[in-house]
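Results of the structural survey
Each chain, written out:
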Amino acid sequence: MIIAIVSLGGLGLLFGGLLAFAARKFAVEVDPRVEMTQSYLPGANCGVCGYAGCAQYAEAVVAGGAPLNACTPGGSEVSKNIAGLLGMEAPAAEARLVAQLVCLGDCETAKDKAVYDGFRECKAALMFGGGVKACRFGCVGEGSCVRSCPVEAITMSKNGLPLINHKLCISCGKCKNVCPRQVIEMVSANMLYHVRCKSLDKGKQVRDICSRGCIACNLCAKECPVKAIRLENNLAIIDGLICNNCGTCVEVCPQKTIA
Amino acid sequence: MSFKTFRGGVHPGHYKNATEKMPVVPARLPAVAIIPMAQHIGAPCEPLVAVGDEVKTGQKVGDSQAFVTAPVHSSVSGKVVKIAPCNHPLGRLVNAVYIKSDGEDTWHEDVRPHPDWEQASPDELRKIVRNAGIVGMGGATFPTHVKLSPPPGAKIDYCLVNGAECEPYLTSDHRAMLERPAEIITGLRIIMKAVNAPKGYIGVEDNKPDAVEAMKRAAAGLADVEVHALHTKYPQGAEKQLIKVFTGREVPSGGLPSAVGCVVHNVGTCIAIADAVCSGKPLIERIVTITGSGINEPKNMLVRVGTPMEEVIEQCGGFKPDVRKVILGGPMMGLAQPTVENFPVIKGTSGILCLTSLEVELQAFSPCIRCARCVDVCPVSIMPLFIGSAVEQGLYDRAESANAMDCIECGCCTYVCPSKRPLVQWIRLSKGDIADRRAKK
């Protein structure tokens, strides 16, 4: 019994000593600024900065190889913190971007041309005759963006269009990149109204297949008090630099496309 | 002589009895022929005619300067009424010339035979084939003159003709072999001359003994052409599999058949080549099998390219009320279509398969159980289960390293999967993504 305690205890002490020695001898010098920087980052490991995760970005930014404002989820606050830590000048604060769906063609407003019963992935649905919906520009509605969101800010509505919660959105842009029809855009959170249609078809064609699509009637452009709206390729476009969020266009739009 | 077989493959039901005994009947001329500018793999054509022009049957109405392309010809005589987009089997809109038929079917004066083709040089033959707008008629629609131009230095030992018709339901090649065997042999001899190949093989699956018999009779007395009955197994008619069966050679990953000294053509393509050379006719008609339990009168029809799908279906007695899915091509590799409106028959339309709701009911898929049946049946020895689960998680780079690009999209994996997983669909999805990324690099 005694022998066992002594021998095992002795071994424990010996290995403990060895480990303590190794920890000193082979200690890895970590720049404390990297750890600090990492603590400022949101920790979602979303990869928007272009690095594998928050830790890799922290290393790169301390080493001086990455821009201070590459972390869009963190926004201006994080870049300010990092700049303060590294003794650099903080980049000018930009307005927060949020993902915005620019299509209103759900299962009630937009017409379908066929039934799709393959697997649920937008790209796959597009391989079947260019999608189920009659509109060539609209949301496919199979929810690839919902699955791509790292913070579950997107859910599928019962009418088959993704709903984006702007409060949860970290502006990583993953949904925008995964969307095969490019109907998700990153827009300034300060801008309240958007033309929620991408159809370049002529007005009659749009009206035939969708009750919410832009028919290029030009009413919004005519009525806009600050002339922020123009018509291009049968589609109204709001210039975010001029728009003052007055909401006149929302009231005059006959298709309720601007919302 | 018995041949080695290829690895993998499946044995789906044939479903050919509805149309295999029915002789090919010519379809009516279309009222308005819709001639899409892209009926092939490669660069789309530019229209050579304008609205209001008078055109004749066989007149070239579209061409392109690119190498990988095939010109398109008017299939009726009449007047160009509009140039507008129409539906294409690949699910996109393509520009098309709409020609209102005058009902006369007057042939264009450029259509003239080349009776002395045996003296023609390979280059002249390739030119005739290109000007006739011939593409691979098994469904892939790859321009034939490109296949007839092997890369410099490549020596072609064998010309293979695919008469396997391994897709269920389809009987257009079967009927072609029974009704026009002489033209198939002529077409094969023209190909052999164009690529300077000493030997030609014709392969027919042994579930068509009458076709084997007809082809053997037509090839009798020819020393350099052999007809062989092949084991009935899907995908027997696939290019790489046919090469493996006849020569034992394996086409390397990412390579072309010419890399192993072979070219493979479909029997329909052979007939088109024979027509182009011997009678000067460009490719403006093809045999189409209209079949499936969703159609009232299944038929094999000789249809002019550009005939609207609706007119063809109407000549077959129309749809049955519970038709649910229309597939262009066969059930294994064909493409389901969202519509038949504004949709012409094109050079690659081998069949119009109409299925009822009972036949196309889909079951929800469940997780992979690692039974590896997809690995057993895969004719190109890839592992569909790994590619499938990678794509399911959105990991396309992993799909690429699992050799997704070698997939021939035969669908055997999906056919056998006990969990009903859409493996070939996933692989096709990843192939599109991988090709996009490679193009960006």
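Residues numbered from 1 in each chain as written. Chains lettered and ligands numbered in written order. Predicted model: local features only at pLDDT ≥ 70, side-chain atom pairs only at ≥ 80, totals over all residues. Heavy atoms only, no water.

In this complex, chain A contributes 14 residues to the contact, which on the side of chain B involves 16 residues. Interface area for chain A against chain B, summed over the two sides, is near 1,200 Å², with a carbon-plus-sulfur share of 66%. When the buried surface of chain A facing chain B is broken down by residue, Asp117, Phe119 and Met127 of chain A rank first, second and third, together holding 47% of it. The interface formed by chain A and chain B contains two salt bridges. The partner of Asp117 of chain A in a salt bridge is Arg324 of chain B, and the shortest N-O contact between them spans 2.9 Å. Counting the contacts that link chain A with chain B gives three residue pairs in polar contact (both at pLDDT 80 or more). For the side of chain A that touches chain B, the per-class residue count stands at six nonpolar, three polar and five charged. (Contact = heavy atoms within 4.5 Å. Buried area = accessible area lost by both parts, 1.4 Å probe. Salt bridge = Lys/Arg side-chain N within 4 Å of Asp/Glu carboxyl O. Polar contact = N/O pair within 3.5 Å; in protein donor to acceptor, adjacent residues only side chain to side chain. Nonpolar A, V, L, I, M, F, W, Y, C, P; charged D, E, K, R; others polar.)

Okay, a nonpolar patch on the surface next. Nonpolar side chains collect at one region of the surface, where Leu8, Leu11, Leu14, Phe15 and Leu18 of chain A lie side by side and expose about 520 Å² of accessible area between them. In this fold, Phe15 of chain A is placed in helix α1 (residues 2–25). (Patch = residues over 30% accessible without salt bridge, like charges linked within 9 Å, V, L, I, M, F, W, Y side chains within 5 Å. Areas by Shrake-Rupley, 256 points an atom, 1.4 Å probe, with all protein chains shown as cover. Helix = DSSP H or I, 4+ residues; strand = E, 2+ residues; numbered from the N terminus.)

As a further point, take the sheet that holds strand β4 (residues 54–55) of chain B. Residue and element names in this part refer to chain B. Across the sheet, four strands lie side by side as β2-β8-β7-β4; this open sheet has antiparallel pairing. A single partner strand is all that each edge strand has here, and the edge strands are β2 (32–36) and β4. Pairing between β4 and strand β7 (residues 78–87): two bridges, direction antiparallel. Across the sheet, the residue bridging to Glu54 is Lys79, located in β7. (Pairing = 2+ DSSP bridges.)

Tallied over the full model, the rule gives seven aromatic pairs over all chains. Consider the rings of Phe365 of chain B and Trp426 of chain B, whose centres lie 5.3 Å apart with planes at 85°: the pair is edge-to-face. With Phe365 of chain B in the loop between β17 (351–356) and α9 (373–377) and Trp426 of chain B in helix α13 (residues 423–440), the pair connects residues that are 61 residues apart, well separated along the chain. Relative accessible area serves as the criterion here: at 34%, Phe365 of chain B is assigned to the partly exposed category. Looking at Lys123 of chain A, its charged tip hangs above the ring of Tyr396 of chain B, at a distance of 5.6 Å from the centre. When the ring centre of Phe6 of chain B is taken as reference, the NZ or CZ atom of Lys233 of chain B above it lies at 4.4 Å. (Phe/Tyr/Trp six-rings, centres within 6.5 Å; stacked < 30°, edge-to-face > 60°. Buried < 20%, exposed > 50% of the residue type's maximum accessible area, 1.4 Å probe, protein only. Lys NZ or Arg CZ within 6 Å of the ring centre and 35° of its normal.)

Residue and element names in this part refer to chain B. One way to put it is that helix α10 (residues 384–392) packs onto α13 with a least axis distance of 9 Å and a crossing angle of 65°. Crossing geometry of α10 relative to α13 is assigned as left-handed. In this structure, α10 uses Pro384, Leu385, Ile387, Gly388, Val391 and Glu392 to contact α13, whose residues at the interface are Leu423, Trp426, Ile427, Leu429 and Ser430. Residues belonging to the contact of α10 with α13 are distributed by class as follows: eight nonpolar, two polar and one charged. (Axes fitted to C-alpha atoms, helices over the stretch in contact; angles between N-to-C directions. Left-handed = near helix turned anticlockwise from the far one by under 90°.)

Residue and element names in this part refer to chain A. When the terminal C-alpha atoms of helix α4 (residues 75–86) are compared, their 17 Å separation across 12 residues agrees well with the 16 Å that a helix rising 1.5 Å per residue should span. Of the residues making up α4, those classed as buried are Val78, Ser79, Ile82, Ala83 and Leu86. On an axial view of α4, the arc spanned by its buried residues comes to 135°, and they lie on one face. Facing away from the buried side of α4 by over 90 degrees, the exposed positions are Glu77, Lys80 and Gly84. Along its buried surface, α4 packs onto α2 (32–40) and α3 (54–63). Phi for Gly87, located one or two positions after α4, is positive at around 65°. (Expected span 1.5 Å × (residues − 1). Arc of directions from axis to C-beta.)

We now examine the confidence of the model for chain A. For chain A, the mean per-residue pLDDT works out to 90, and 100% of the residues sit at or above 70. Model confidence for chain A, summarised as mean pLDDT per element, is weakest for α4 of chain A at 86 and strongest for α1 of chain A at 95. (pLDDT = per-residue confidence, 0-100.)

Turning next to the pairing of β7 of chain B. Residue and element names in this part refer to chain B. Where β7 meets strand β8 (residues 93–101), nine bridges bridge the pair, whose relative direction is antiparallel. Paired with Gly78 across the two strands is Ser101, which belongs to β8. Hairpin remark: β7 followed by β8, antiparallel, with five residues in the connecting loop; positive phi at Gly91, about 85°.

Negative phi characterises most residues that are not glycine, and trans characterises most peptide bonds. Cis rather than trans, the peptide bond between Tyr234 of chain B and Pro235 of chain B has omega equal to -5°. Among the structural elements, Pro235 of chain B can be located in the loop between β11 (225–230) and α6 (239–247). In this structure, Asn245 of chain A is a non-glycine residue whose phi angle is positive, near 60°. If you trace the backbone, Asn245 of chain A turns up in the loop between β6 (235–238) and α10 (248–252).

On to the sheet that holds strand β16 (residues 335–337) of chain B. Strand pairing in a sheet takes place through backbone hydrogen bonds and is either antiparallel or parallel in direction. Residues and elements named next belong to chain B. Reading across the sheet, the six strands line up as β1-β14-β13-β17-β15-β16 and stay open at both edges, with mixed pairing between neighbours. Edge positions in the sheet fall to β1 (25–26) and β16, since each of these pairs with one other strand and no more. As paired strands, strand β13 (residues 285–291) and β17 are joined by three bridges and run parallel to one another. If you follow Ile290 over to β17, its bridge partner there is Ile352.

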